[in-house]
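The primary structure of each chain is shown beneath.
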Amino acid sequence: MSVLLDISHIDMEFPTPKGPFTALRDVDLKIQQGEFVSLIGHSGCGKSTVLNVVAGLYQATRGGVILNGKEVTEPGPERAVVFQNHSLLPWLTAYENVELAVKQVFGKSKSKAEMRQWIEHNLELVHMSHAMHKRPGEISGGMKQRVGIARALAMQPKVLLMDEPFGALDALTRAHMQDSLMEIQAELNNTVIMITHDVDEAVLLSDRIVMMTNGPAATIGEILDVNLERPRHRLELADDVQYNQYRAKVLKFLHERHSKTDVPTTRSMAQKTETTASAMKKDSTSVPESVDNAA
Amino acid sequence: MNTTTVNTGKFYGFRLPQLNSIWLSNAIRLVALPLAGILAFLLLWSVTAQKIDTSLGKFPGPSAVMEQFDALYSEHQRSREKEHAFYERQEARNAKRVAEDPSYVPKIRAYTGKETFVDQIVTSLITVMSGFLLAVAIAIPLGIAVGLSKTLNSAVNPIVQIFKPVSPLAWLPLVTMVVSALYTTPEPLVAKSFLNSMITVTLCCLWPMVINTAVGVAGIDSDLVNVSKVLRLPALRHVQKIVLPASVPMIFTGMRLSLGVAWMVLIAAEMLAQNPGLGKFVWDEFQNGSSDSLARIMAAVLVIGFIGFLLDRGMLALQKLVSWDNSAAQ
Ligand SMILES: Nc1ncnc2c1ncn2[C@@H]1O[C@H](COP(=O)(O)OP(=O)(O)OP(=O)(O)O)[C@@H](O)[C@H]1O
Ligand SMILES: [Mg+2]
């Protein structure tokens, strides 16, 4: 398989009143057609920034993004984004939200009836047919997120970009959504970049997990290939040795090697991370929001 | 079967009194209390009015004002009858002359009676609505442009901020002079005085509408703007599909604010400039100084208040009609 998306040595600097702030330094990643890649890293390290550069919403200061041999310079529907907080237009129904995207992308190539069918098909894919004429204010958070995904899928993007798509959902809904996403991806063979804070989610869904170091000047710390057979089932994987090894590797990276220099700078830092890590092992596998890097 | 009937009976037996009490408390809140307030006000008014002696006689109480409402209305009807009769006579005269001499081209003269109270109300309403609509036509596109473009915002903001606190009445002399200098068509479509009042209304509506629209547009959720970017919506479609619906609540806030102020300002402007309308009616009655004048002015005051209230309600109803988010309209 060939490289579809080439994120080539990008740096990202934000101008701030105190001078330029380097968020990303030399982020380099090649993604193949049909691959599912997760970005994981501590809060504020620059995951959304990477995604926004790929989406074209930010312009990299150095380096660039090449999709199918062409450089990305602006946002476009071939790189559809599922935003963290669904971002549906509240004055449109679920159907109309998807319709806006479909009209924009297929307005010239599809007939009215075909578009209608295509919109309904995509809403069905995310199991939202029953509520497609409701407005975002009338449906639950999980349902909104589904519509957001349907909208992105309906654009038939070359790359699907998802920024913590399930972050705001409860555990049960999230599990449902992950299963749906795996089904859809198996069916459509989408290329996906997904940001997540959830280690289990990353291992369950991804072909590769890209682990980012802490900012400022964050970069890719390590890439983990997940060679679990598909289709994957969460219950079977729970006792799978390999699955648990992958999981442990990600956790280890996040809790021990989060620093850019690979070695904690001070002793107190190391202790702090260790206690956090052991605390985390007990009850949760999410990344803590507040492990700062005193760089 | 049996149990169902029993249950239904129980259900109603339990539910009805509760429903009743809710209905009752609503009735008290919505009807009885406002009514009591109005009654108390009328009482206070008639008692106080009796104690105030002015050079034009006693201050009018509610009953005197009611009488004047009656009088004003019958004056209006009489004037309408006169007008009707005038046109009938004119027509008959013309028909007769045409019959005598077929080459005669009949002249039609307009009736020039004094405007009645009802005429003045209509004039004021037309003026305020035209001025307001003109302001809407200017302010909303401008506000959207200013809200969308930071550059334009920086350029326009100082001007808006400086003109916003200016009482539109201060513009009135300038508007009057400019209109009489520029509006010199031999057969004017509308009267100069109408233009003066209308432009004054427009000037006072403009600023709150521009500001509110711009704030609403600039405050659109950046995620929604990103959606539009990812979809590559063309500029016009972006405005139509994202910007306008998102800022409808703020636009309407600006519009309601403007219309309220406009109505107040218009009355003052009509008084000041002797332009036809309710303001002129008040001023004329004041100058007239008959024993009925105060009661007539009071009648006008009540009408002004009531119309202002209706205008606000009308805007609110319109907002509910066009807005997707009805929680904002209250
Ligand atoms: N527009 C901006 N201007 C200035 N600084 C920014 C901007 N956007 C992001 N940053 C900074 O860049 C860094 C990375 O931000 P980013 O939003 O990419 O983090 P993240 O990894 O997505 O975090 P989270 O997991 O909390 O969403 C942060 O330090 C943030 O303050
Ligand atoms: Mg983020």
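Computed from a predicted model, the values in this text were never measured in an experiment. (Residues numbered from 1 in each chain as written. Chains lettered and ligands numbered in written order. Predicted model: local features only at pLDDT ≥ 70, side-chain atom pairs only at ≥ 80, totals over all residues. Heavy atoms only, no water.)

### Details of the overall build of chain A
For chain A, the helix and strand inventory stands at nine helices and ten strands. A fraction of 68% describes how many contacts in chain A between residues 6 or more apart in sequence connect residues 24 or more apart. Entry remark: accessible area of chain A is about 13800 Å², with carbon and sulfur atoms responsible for 51%. (Helix = DSSP H or I, 4+ residues; strand = E, 2+ residues; numbered from the N terminus. Contact = heavy atoms within 4.5 Å. Areas by Shrake-Rupley, 256 points an atom, 1.4 Å probe, with all protein chains shown as cover.)

### Regarding the site of ligand 1
Residues and elements named next belong to chain A. In the vicinity of ligand 1, 14 residues are found, and the nearest of them are Ser-43, Gly-44, Lys-47, Ser-48 and Thr-49. For ligand 1, an oxygen atom lies 2.9 Å from a polar atom in the backbone of Gly-46. One of the side-chain N or O atoms of Lys-47 is found 2.8 Å from an oxygen atom in ligand 1. Relative to its unbound accessible surface of 630 Å², ligand 1 loses 65% to contact with the protein. Within the residue set of the shell around ligand 1, elements represented by two or more residues are β2 (19-32) and α1 (47-55). The leading source of residues in the shell around ligand 1 is α1, at three residues. Split by residue class, the shell around ligand 1 holds five nonpolar, seven polar and two charged. (Near = heavy atom within 4 Å. Polar contact = N/O pair within 3.5 Å; in protein donor to acceptor, adjacent residues only side chain to side chain. Nonpolar A, V, L, I, M, F, W, Y, C, P; charged D, E, K, R; others polar.)

### Observations regarding the interface of chain B and chain A
Between chain B and chain A, the contact holds 16 residues from the first and 23 residues from the second. Of the roughly 1800 Å² buried between chain B and chain A on both sides combined, carbon and sulfur atoms contribute 69%. Sorting the residues of chain B by area buried against chain A places Val-230, Leu-231 and Arg-232 of chain B first, and these three jointly supply 37% of that buried surface. With a shortest N-O distance of 3.4 Å, Arg-232 of chain B and Glu-74 of chain A are connected by a salt bridge. For the interface between chain B and chain A, the tally reads five residue pairs in polar contact (both at pLDDT 80 or more). Taken together, the elements giving at least two residues each to the side of chain B that touches chain A come down to α7 (222-231) and α8 (235-273) of chain B. With seven residues, α7 of chain B is the largest single contributor of residues to the side of chain B that touches chain A. Classifying every residue of the side of chain B that touches chain A gives ten nonpolar, one polar and five charged. (Buried area = accessible area lost by both parts, 1.4 Å probe. Salt bridge = Lys/Arg side-chain N within 4 Å of Asp/Glu carboxyl O.)

### Thoughts on the pattern of salt bridges
All names here are of chain A. Overall, the coordinates contain 20 salt bridges over all chains when judged by the stated rule. The salt bridge partner of Arg-62 is Asp-11, with a shortest N-O separation of 3.0 Å. Linking Arg-62 in strand β4 (residues 62-67) with Asp-11 in strand β1 (residues 3-16), this pair joins segments that are 51 residues apart in sequence. Note on Arg-62: relative accessible area 45%, which makes it partly exposed. The closest approach of N and O atoms between Arg-174 and Asp-198, which form a salt bridge, is 2.8 Å. With a gap of 24 residues between them, Arg-174 in helix α5 (residues 171-188) and Asp-198 in the loop between β8 (191-196) and α6 (199-205) connect regions that are remote in the sequence. (Buried < 20%, exposed > 50% of the residue type's maximum accessible area, 1.4 Å probe, protein only.)

### Examining the pairing of strand β6 (residues 79-82) of chain A
Across a regular strand the side chains alternate sides, sitting on one face of the sheet and then on the other. Residues and elements named next belong to chain A. Across the two faces of β6 the burial is the same, with Arg-79 and Val-81 and Ala-80 and Val-82 all buried. In this sheet, strand β7 (residues 159-163) lies alongside β6 in parallel orientation, the contact comprising four bridges. Within the sheet, the bridge partner assigned to Val-81 lies in β7 and is Leu-161. (Pairing = 2+ DSSP bridges.)

### Concerning the environment of Thr-185 of chain B
Residues and elements named next belong to chain B. Looking at the element boundaries, Thr-185 is found in the loop between α5 (168-182) and α6 (192-218). You can call Thr-185 partly exposed: its relative accessible area is 47%. For Thr-185 and Leu-44, which are 141 residues apart along the polypeptide, the C-alpha to C-alpha distance reads 53 Å.

### Structural notes on helix α8 (residues 241-256) of chain A
Residues and elements named next belong to chain A. Its 16 residues give α8 an end-to-end C-alpha distance of 22 Å, which sits within 8% of 22 Å, the value for a rise of 1.5 Å per residue. Listing the buried residues of α8 in full gives Tyr-243, Tyr-246, Arg-247, Val-250, Leu-251, Phe-253, Leu-254 and His-255. One side-chain oxygen of the residue at the start of α8 lies 2.8 Å from the amide nitrogen of Gln-242, identifying that residue as Asp-240. (Expected span 1.5 Å × (residues − 1).)

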